[in-house]
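Analysis of the macromolecular model
The residues making up each chain are set out below.
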Amino acid sequence: MLIRVIGAGALGMLTAAYLCRTAAKVEIITRTEQQARLLREQGLQLTAAAENASMEPRSGTAGETVEFPEVLTFEQTLADGLGGRARPGSPDFILLTVKQTAITDKLAHGIVAQLGADSRLICFQNGVGHLDVLRKVIPARQILLAVTTEGAMVKSPRHVAHTGRGMTWVGSAAAEPDFAGRSDHSLTKKFVNVLSDAGFSTSLSNNIISKVWNKLLINAIINPLTAVLQIHNGQLPQLPDALILMRSLYYEAVTLADKLGIELAPDLWQQVLLVCERTAGNRSSMLQDVLLHRPTEVDAITGGLLREAEQAGIAMPTHAAMYHLLRSIEQQWMNIT
Ligand SMILES: NC(=O)C1=CN([C@@H]2O[C@H](COP(=O)(O)OP(=O)(O)OC[C@H]3O[C@@H](n4cnc5c(N)ncnc54)[C@H](OP(=O)(O)O)[C@@H]3O)[C@@H](O)[C@H]2O)C=CC1
Ligand SMILES: CC(C)(CO)C(=O)C(=O)O
């Protein structure tokens, strides 16, 4: 089995490192030649989750180095004509672990060139919106969605820390059956088994959209507020006025999900508070992006909700305010006046 991981950031390095423990052949695809060379020459270093985590690597020790047989840049995968529908040996599974901000039409076309007829693309992104770009060129039946609560952090371009254990759900993004007129979950199950073999707690979900939205709501409440206020996740519910904003964001999003017929966990508000508690000392990914002047995923998270709300004819004033605040922050370093 050939597994290709596109995006050697936090989640990409984490999944690639664990997948190397299985019988699958793993290829990792970077954006830059500099990172590819570093990984080829020095290997990928994984610092395992904290000792109290239940998901420890099945072999090796914390800080172990994984050697990759194949590390390529995204450009090389295209230039070398790797994979491709006409060629045998195209990947069984392509894991897409780039950020939402990197998902462009160009990237989508590049992925299509690597997909075989039976390949599956597994998207790990938080937020929504990437599907609109990918589905323009990739058949929906070949796209799987993965929602994960694993935590990973880049320590260096060749070193990833597994910062927290979690759960991963995988499901098909296709609303309609495949060419044969049936819903074929066999490849989804195969992927669930591979992730489980690698050591991740993984489940097949028959309602992955519900899982996507549960995570979307958690991110849409915690990320923009922590990014604007520049506080750790644990501080958020401690500030009485921030708690009022959290509730407004929650109720607006729940109203939208209800209107769209999307099932949410009945204890979702409790889950939001629990995430703040469990990740109390963490900076949300959006705050990290803001501090490093990198584009945030606000357009795919809050923006994704707002686009759905507009189509459904629902007003979401608190989310709209968060969206414009984050965009204003980004525009300051993009020199847009
Ligand atoms: N980190 C986590 O714990 C979790 C993350 N997620 C989600 O997973 C996604 C990825 O997050 P994360 O891993 O943290 O992000 P990172 O920024 O750490 O990693 C993204 C990687 O994608 C690379 N990349 C960008 N464009 C390309 C390209 N064209 N070809 C190959 N590689 C490319 C980037 O390279 P470069 O740096 O060179 O630009 C970077 O290494 C996000 O949507 C996030 O919300 C979900 C759950 C947990
Ligand atoms: C759950 C949360 C908010 C944890 O920080 C996260 O996923 C993120 O930072 O993107």
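So, a few notes on the structure that sits alongside this text. Keep in mind that this is a model prediction, so the values were computed, not measured.

Bringing helix α11 (residues 302-312) into the picture now. Of the positions making up α11, those classed as buried are Thr302, Gly303, Gly304, Leu305, Leu306, Ala309 and Ala312. Where α11 is buried, its residues contact α7 (208-229), α8 (240-260) and α12 (317-333). Positioned one or two residues after α11, Gly313 has a phi angle of 70 degrees, which is positive.

On to the site of ligand 1, then. Lining the immediate surroundings of ligand 1 are 25 residues, of which Ala10, Leu11, Arg31, Ala152 and Glu297 lie closest. The protein chains hide 79% of the 890 Å² of surface that ligand 1 would expose on its own. Those elements that place two or more of their residues in the shell around ligand 1 are α1 (10-19), β2 (25-30) and β9 (151-156). Sort the elements by how many residues they give to the shell around ligand 1 and β9 lands first, with three residues. Each residue belonging to the shell around ligand 1 can be placed in one class, and the counts come to 12 nonpolar, eight polar and five charged.

In this section: the packing of aromatic side chains. Aromatic ring pairs are defined here through the distance separating the ring centres and the angle between the ring planes. Overall, the coordinates contain four aromatic pairs when judged by the stated rule. Considering the side-chain rings of Tyr250 and Tyr251, the 5.2 Å spacing of their centres and the 70 degrees angle between planes classify their relative orientation as edge-to-face. With relative accessibility at 11%, the residue Tyr250 sits in the buried group. One aromatic cluster in this structure is built from Tyr250, Tyr251 and Trp269.

Near ligand 2 you find Asn219, Ile222, Asn223, Asn233, Val275, Ser284 and Ser285, and these make up its full shell. Between ligand 2 and Asn223 there is a distance of 3.1 Å, counted from an oxygen atom to a side-chain nitrogen or oxygen. In the complex, 83% of the free accessible area of ligand 2, which totals 280 Å², lies under the protein chains. A per-element tally of the shell around ligand 2 places α7 first, with three residues.

To continue, consider the nonpolar core. In this structure, Leu96, Ile111, Leu121, Leu134, Trp213 and Leu305 are the most contacted members of the largest nonpolar core, which totals 66 residues. Broken down by element, this core gets its largest block of residues, 11 residues, from α7. Two domains each put at least three residues into this core: domain 1 (2-206) and domain 2 (209-333). The contact partners of Leu96, leaving out residues within four places of it in the chain, are Ile6, Ile103, Leu107, Ile111, Leu121, Ile122, Cys123, Phe124, Gln125 and Leu134. With 34 residues, the next largest nonpolar core counts Ala8, Tyr18, Ala24 and Ala36 among its residues.

This paragraph deals with the packing of α8 against α11. In the contact formed by α8 and α11, the axes pass within 10 Å of each other and the chain directions differ by 55 degrees. Classed by the angle they form, the pair α8 and α11 counts as oblique. Handedness of the α8/α11 crossing: left-handed. Here α8 contributes Ala253, Leu256, Lys259 and Leu260 to the contact with α11, which in turn contributes Leu305, Glu308, Ala309 and Ala312. Looking at the contact of α8 with α11 residue by residue, the class counts come to six nonpolar, no polar and two charged.

Take the pairing of strand β7 (residues 120-123) next. Of the two faces of β7, the one lined by Arg120 and Ile122 and the one lined by Leu121 and Cys123 are each fully buried. Sheet analysis places strand β6 (residues 93-96) next to β7, joined by four bridges and oriented parallel. Each residue of the ladder has a partner; that of Phe93, found in β7, is Arg120. Following the backbone out of β6, through helix α4 (residues 105-112) and into the adjacent parallel β7, one traces a crossover that is right-handed.

Next up on the list: unusual backbone geometry. Although it is not a glycine, Gln230 sits at a positive phi angle of roughly 55 degrees. Its location among the elements puts Gln230 in the loop between α7 and α8. Owing to a relative accessible area of 45%, Gln230 belongs among the partly exposed residues under this scheme. Of note, His293 is a non-glycine position whose phi angle comes to about 55 degrees, a positive value. Examined against the element boundaries, His293 turns out to sit in the loop between α10 (285-291) and α11.

Rules used throughout
- Residues numbered from 1 in each chain as written.
- Chains lettered and ligands numbered in written order.
- Predicted model: local features only at pLDDT ≥ 70, side-chain atom pairs only at ≥ 80, totals over all residues.
- Heavy atoms only, no water.
- Buried < 20%, exposed > 50% of the residue type's maximum accessible area, 1.4 Å probe, protein only.
- Helix = DSSP H or I, 4+ residues; strand = E, 2+ residues; numbered from the N terminus.
- Contact = heavy atoms within 4.5 Å.
- Near = heavy atom within 4 Å.
- Areas by Shrake-Rupley, 256 points an atom, 1.4 Å probe, with all protein chains shown as cover.
- Nonpolar A, V, L, I, M, F, W, Y, C, P; charged D, E, K, R; others polar.
- Phe/Tyr/Trp six-rings, centres within 6.5 Å; stacked < 30°, edge-to-face > 60°.
- Polar contact = N/O pair within 3.5 Å; in protein donor to acceptor, adjacent residues only side chain to side chain.
- Core = buried A, V, L, I, M, F, W, Y, C linked by side-chain atoms within 4.5 Å.
- Domains from an automatic or database assignment.
- Axes fitted to C-alpha atoms, helices over the stretch in contact; angles between N-to-C directions.
- Parallel < 35°, antiparallel > 145°, perpendicular 65-115°, else oblique.
- Left-handed = near helix turned anticlockwise from the far one by under 90°.
- Pairing = 2+ DSSP bridges.
- Right-handed = clockwise from strand over helix to strand, strands pointing away.

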